[in-house]
Amino acid sequence: MAAVSLSGVSKRFGPHVAVSDVSFELADGERAVVFGANGAGKTTLLRMVASLSRPTEGVIEIGSQPVSDNAAVRSRIGVLTHETMLYEELTARENLRLHARLHGVDPGVCEELLETVGLADRGGERVAGFSHGMGKRVSLARALVHDPDVLFLDEPYTGLDQASLDRVESVLEGLDDRTVLAATHDLERGVGFADRILFMNDGRLVGDAEADRFGAAEDAIGEYERLCRGDTEGVDGDVR
């Protein structure tokens, strides 16, 4: 049974097709990165699998259960959006405790997570005064509060200062027991983090390759450019 399954998923906004007929599966514990240019459909795809937006067509399942209108499934997923989506008038600790209450989780886990993301000494401060990187770290902690099986991450590395980047990388590397789907422009880190790379162009999934096929991010970028030109022969002649 796949941890995450998409079958014929499309999303239209009026006449514009943002995602077109995307299908793939992720196994338990598998980590995949969605890579593509601006406007390729990465964020729209992430929003649908995270149940933040409904697909126009197709089926999305988490552990064989449909995502749409399914509170039990939503309790199994954690989401990190590009924007932090925190309550700025609350402290970092209050943001986490609010999320813990919503999921019926012991609020003691919030202190552990503040320590994990390197903000134990800033937990009592309002997030309105935080840098983008600090806010992203609080958002990552919030995504982990309820110990989800599956994580969906939209641009987890974007806009981070070095301290936040190092901490986020460290936390993500420690998630080897979770199924993770991340959208990112940072293929250098994506290749090192992921088991698979899903290439998107113009709303379509144009390639699906094992990350260890690429010796460096430049190789993966070259593969993406070939796929966008319609050349389906991959680095070793085998692109799914």
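Whatever comes next refers back to the structure up there.
Residues numbered from 1 in each chain as written. Predicted model: local features only at pLDDT ≥ 70, side-chain atom pairs only at ≥ 80, totals over all residues. Heavy atoms only, no water.

Caption draft 1: Region of the structure containing the sheet that holds strand β5 (residues 65-66). Taken in spatial order, the four strands make up an open sheet running β2-β1-β4-β5, and their pairing is antiparallel. Each edge of the sheet is formed by a strand with only one pairing partner; in this case those strands are β2 (16-26) and β5. Inspection of the sheet shows strand β4 (residues 57-62) paired to β5 by two bridges, in the antiparallel sense. The residue of β5 that forms the bridge with I62 is Q65. Each of β1 (4-13), β2 and β4 touches helix α1 (residues 42-49); the most contacted strand, β1, lies at about 120 degrees to it. (Pairing = 2+ DSSP bridges. Helix = DSSP H or I, 4+ residues; strand = E, 2+ residues; numbered from the N terminus. Contact = heavy atoms within 4.5 Å. Axes fitted to C-alpha atoms, helices over the stretch in contact; angles between N-to-C directions.)

Caption draft 2: Local environment of the side chain of S53. One can find S53 in the loop between α1 and β4. Using a relative accessible area of 17% as the deciding quantity, one classes S53 as buried. A distance of 3.2 Å separates polar atoms of two side chains, one belonging to S53 and the other to K11. (Buried < 20%, exposed > 50% of the residue type's maximum accessible area, 1.4 Å probe, protein only. Polar contact = N/O pair within 3.5 Å; in protein donor to acceptor, adjacent residues only side chain to side chain.)

Caption draft 3: Structural context of the pairing of strand β9 (residues 196-201). Most of β9 sits out of view: six of its six residues are buried. Along β9, one buried face is formed by R196, L198 and M200 and the opposite face, lined by I197, F199 and N201, is buried too. In this sheet, strand β10 (residues 204-210) lies alongside β9 in antiparallel orientation, the contact comprising six bridges. The residue of β10 that forms the bridge with N201 is R204. Counting the residues between successive antiparallel strands, the hairpin from β9 to β10 contains two residues, one of them, D202, with a positive phi of roughly 55 degrees.

Caption draft 4: Layout of the sheet that holds strand β8 (residues 179-183). Read from one edge of the open sheet, six strands run β6-β7-β8-β3-β9-β10, paired in mixed fashion. What marks the edges here is a single partner per strand, and that holds for β6 (77-80) and β10. Each strand of the sheet is rotated relative to its neighbour by a mean of 15 degrees, with strand direction disregarded. Looking at chain direction, strand β3 (residues 31-35) and β8 are connected through four bridges and run parallel. Along β8, the bridge assignment pairs V33 with A182.

Caption draft 5: Fine view of the environment of D69. Examined against the element boundaries, D69 turns out to sit in the loop between β5 and α2 (71-74). Classification of D69 by relative accessible area gives exposed; the value is 60%. On a C-alpha basis, the gap between D69 and S51 in space is 8.2 Å, while along the polypeptide they are 18 residues apart. Setting aside its immediate chain neighbours within four residues, D69 contacts R54 and R74.

Caption draft 6: Structural detail: unusual backbone geometry. Phi at S64 takes a positive value of approximately 70 degrees, unusual for a residue other than glycine. What makes S64 partly exposed here is its relative accessible area of 43%. At M85, a residue that is not glycine, the phi angle is positive and equals roughly 55 degrees. If you trace the backbone, M85 turns up in the loop between β6 and α3 (92-102). Looking at M85, the relative accessible area reads 59%, which means it is exposed.

Caption draft 7: Layout of the packing of α3 against helix α5 (residues 132-144). Two elements in contact, α3 and α5, have axes separated by 9 Å at closest approach and are oriented at 20 degrees. Viewed along their axes, α3 and α5 adopt a mutual orientation that is roughly parallel. Note that α3 runs across α5; the crossing there is right-handed. Here A92, L96 and H99 of α3 lie close against α5, whose contacting residues are V138, A141 and R142. Of the residues belonging to the contact of α3 with α5, the class tally is four nonpolar, one polar and one charged. (Parallel < 35°, antiparallel > 145°, perpendicular 65-115°, else oblique. Left-handed = near helix turned anticlockwise from the far one by under 90°. Nonpolar A, V, L, I, M, F, W, Y, C, P; charged D, E, K, R; others polar.)

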